Amino acid sequence: MNIERIDLYHITQRLVSPFVTSFGPQQQRDCLLVAIHADGLTGWGECVATNDPGYSYETVGTAWHVLSDFLIPALAGRSLDGPEALAPSLAFVRGHPLAKAALDQAVWDLAAQREGLSFAALLARPYAEGPRARVKVGVSIGIQPSIERTVEVIGAYVAAGYGRIKLKIKPGHDVALARAARAAFPDLPIMLDANSAFRLEDAPTFQAMDDLNLLMLEQPLGYEDIYDHSRLRPLIQTPLCLDESIHSADHARYALAIGACDIINVKPSRVAGWTEARRIHDLCRAADMSLWVGGMLETGVGRAAQLALAALPGFTLPGDISATDRYYERDITAPFTLNREDSTLTVPDGPGLGVAIDFDQLAAVTLRRESFAG
Ligand code: OSB
Ligand code: MG
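Residues numbered from 1 in each chain as written. Chains lettered and ligands numbered in written order. Predicted model: local features only at pLDDT ≥ 70, side-chain atom pairs only at ≥ 80, totals over all residues. Heavy atoms only, no water.

## Observations regarding the nonpolar core
Thought 1: Judged by nonpolar contacts, the single largest core of 121 residues is most densely connected at W44, L67, L103, L167, I264 and L309.
Thought 2: Ranked by the residues each element gives to this core, the list is headed by helix α3 (residues 97-114), at 11 residues.
Thought 3: Those residues in contact with L103 that lie beyond four places of it in its chain are I6, V34, I36, L67, L71, I72, L75, L86 and L90.
Thought 4: Counting six residues, the second-largest nonpolar core is a separate cluster that includes M191, M216, C241 and W292. (Core = buried A, V, L, I, M, F, W, Y, C linked by side-chain atoms within 4.5 Å. Buried < 20%, exposed > 50% of the residue type's maximum accessible area, 1.4 Å probe, protein only. Helix = DSSP H or I, 4+ residues; strand = E, 2+ residues; numbered from the N terminus. Contact = heavy atoms within 4.5 Å.)

Below, the structure is given as C-alpha cells:
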C-alpha cells in the first residue's frame, strides 16, 4: 500500500458515568485517532492512551508527540507491504505500544478493505475455524461509592443482559466487596481487577476470597512484574490473569515459562497492535493458556477492532467489550449494542472495520487535528 497522507485527531468524549479505578476517577475520555489514506482507501485506528499516565506511561500528549514527530513521518509517503511489515518499520522507536497500535489498526483496516474482507476475516484467515460471528462480552464496573451501590450497579448490568461482571478493587476495597457481590449473585461469573494495586505480601487478602468461586483475579501485583505473580499463583485458588505486565509475545512466553498466570487479558493496544496480539493468541493457544480481549473504553472505531481480535478461536473467555452506550451518549460511529440473549456483541462483517465514521460527531468532539503528507 502506498501511504499518501495520515491525519491525526485528538478527540474528547464525556463518559456516561465516571470510571473509577485504583488510579483514580475518569469522567472525560480523550483519545487519538489516525486516518491513513492509501490507494484511494482510508484506514482508521484508535490510540487508547489516557490523559494521565496511570494504566500506562503513555498519555494522549506523549502519543501525539511520538506519532507526529517519529512514527507518522516514518510512514507518510512510503509504501508498505502489509500489516506484518509495520512493526519492523516502527522498531526504531522503543516502547510506546499504544501509539504504535493506532497505526497498526489502521493498516489492518486498509489491508482488509483492499481484499474486500472484514478485519475479523482477514485476521482469522490462518485458522480453519474462521472468525466467530458473535463474541461473548462482560462489563467492567469501576469503583463505586459503597458496596451497596456496587451491588445495585451489578444488578442493573445483569438486568441489561451482561453475563460476566468485572469489579475493580484496591486495598481496603476488596474482600468485603467480593463477598457482598457473591452473596447477592451466587451463580454469576464475577472477576476482580486490581490494576497492580497490591503486593505479594497481600496474599492473605486473596486467600480470604478463595471460597468465592471467582472467575479470575486480574493483575493484582506490579505493572511490570511477572515473577511475583508466579509466586502468588500457587498460594491462591482463584485463577490469575495478567494485563499490564504483558507487552509482547515474549512477555507471554516468559509468563508461560514460569507459570505466572492462568489467563492473559490481551489488549491489542498494549502489545503494539493486532499482529503482535495474534502472535500471543497463537502461543497461548498452543500452550492451553486461556485468553480474552481487554478494553480501554474504546470508541466504536477501537471497539470494532477489539471484536475482530476476539473473534479468533483462542479467545474463549468473555471480553471487556461492552455496548457503546455504557460509555458514550453519542459515539463517533453507530452504537454497538448488546445481544441480550447470549451476552454477546456481533462482530462487524463489512469490509475492514465495518463501521462508518459519523463525521459530524467527530468534528464536534475534535480538539486538535493535523495532516501529514509524505
Ligand atoms: O485494567 O482493564 C483494565 C479501563 C481503562 C484502563 C484499564 C482497564 C480498563 C477497564 C475497562 O477495565 C474495560 C472497558 O470496558 O473498556
Ligand atoms: Mg485490567
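Anyway, onward from the coordinates.
## Re the packing of aromatic side chains
Thought 1: The full count for this structure, using the stated rule, is eight aromatic pairs.
Thought 2: When the centroid spacing of 6.5 Å and the interplanar angle of 75° are considered together, the rings of F23 and Y55 count as edge-to-face. Of the two residues, F23 is situated in the loop between β1 (3-21) and β2 (24-38) and Y55 in the loop between β3 (41-47) and α1 (60-71); the sequence distance between them amounts to 32 residues.
Thought 3: With centroids separated by 5.6 Å and ring planes inclined at 75°, the aromatic side chains of Y157 and Y162 adopt a geometry described as edge-to-face.
Thought 4: Grouping aromatic residues by their ring pairs yields a cluster made of Y9, W44 and F359.
Thought 5: The side chain of R164 reaches across the aromatic face of W292, ending 5.5 Å from its centre. (Phe/Tyr/Trp six-rings, centres within 6.5 Å; stacked < 30°, edge-to-face > 60°. Lys NZ or Arg CZ within 6 Å of the ring centre and 35° of its normal.)

## Let's talk about the coordination of the magnesium ion (ligand 2)
Thought 1: At the metal site, the magnesium ion (ligand 2) is ligated by D193 (OD), E218 (OE) and D243 (OD), and these contacts range over 2.1 to 2.3 Å.
Thought 2: Summarised as a motif, the one-chain spacing of the donors to the magnesium ion (ligand 2) is D-x24-E-x24-D. Taken as a pair, D193 in strand β7 (residues 190-193) and E218 in strand β8 (residues 217-218) lie far apart in primary sequence, 25 residues in all.
Thought 3: Under the relative-accessibility criterion, E218 is labelled buried at 0%. (Donors = N, O, S within 2.8 Å, 3.2 Å for Na, K, Ca; no water.)

## Here's the deal with the site of ligand 1
Thought 1: Neighbouring ligand 1 are 16 residues, the closest being S140, N195, K267, L297 and Y327.
Thought 2: A distance of 2.7 Å is found between an oxygen atom of ligand 1 and a side-chain nitrogen or oxygen belonging to N195.
Thought 3: Within the backbone of L297, an N or O atom sits 2.8 Å from an oxygen atom of ligand 1.
Thought 4: Coverage of ligand 1 by the protein amounts to 98% of the 390 Å² it exposes when considered alone. (Near = heavy atom within 4 Å. Polar contact = N/O pair within 3.5 Å; in protein donor to acceptor, adjacent residues only side chain to side chain. Areas by Shrake-Rupley, 256 points an atom, 1.4 Å probe, with all protein chains shown as cover.)

## A short note on the side chain of S118
Thought 1: Mapping S118 onto the fold places it in the loop between α3 and α4 (119-123).
Thought 2: On the accessibility criterion, S118 (9% relative accessible area) is buried.
Thought 3: A polar atom in the side chain of S118 sits 2.9 Å from the backbone nitrogen of A121.
Thought 4: Look past the residues within four positions of S118 in its chain and what remains in contact with it is A112, P348, D349, G350, P351 and G352.

## As for unusual backbone geometry
Thought 1: In the Ramachandran plot, S196 falls in the positive-phi region, its phi being about 65° despite a non-glycine side chain.
Thought 2: Here S196 shows up in the loop between β7 and α7 (203-207).
Thought 3: When its relative accessible area of 18% is taken as the criterion, S196 is described as buried.
Thought 4: For L297, which is not a glycine, the phi torsion comes out positive at approximately 55°.
Thought 5: Topologically, L297 is positioned in the loop between β11 (290-293) and α11 (300-310).
Thought 6: Relative accessible area serves as the criterion here: at 8%, L297 is assigned to the buried category.

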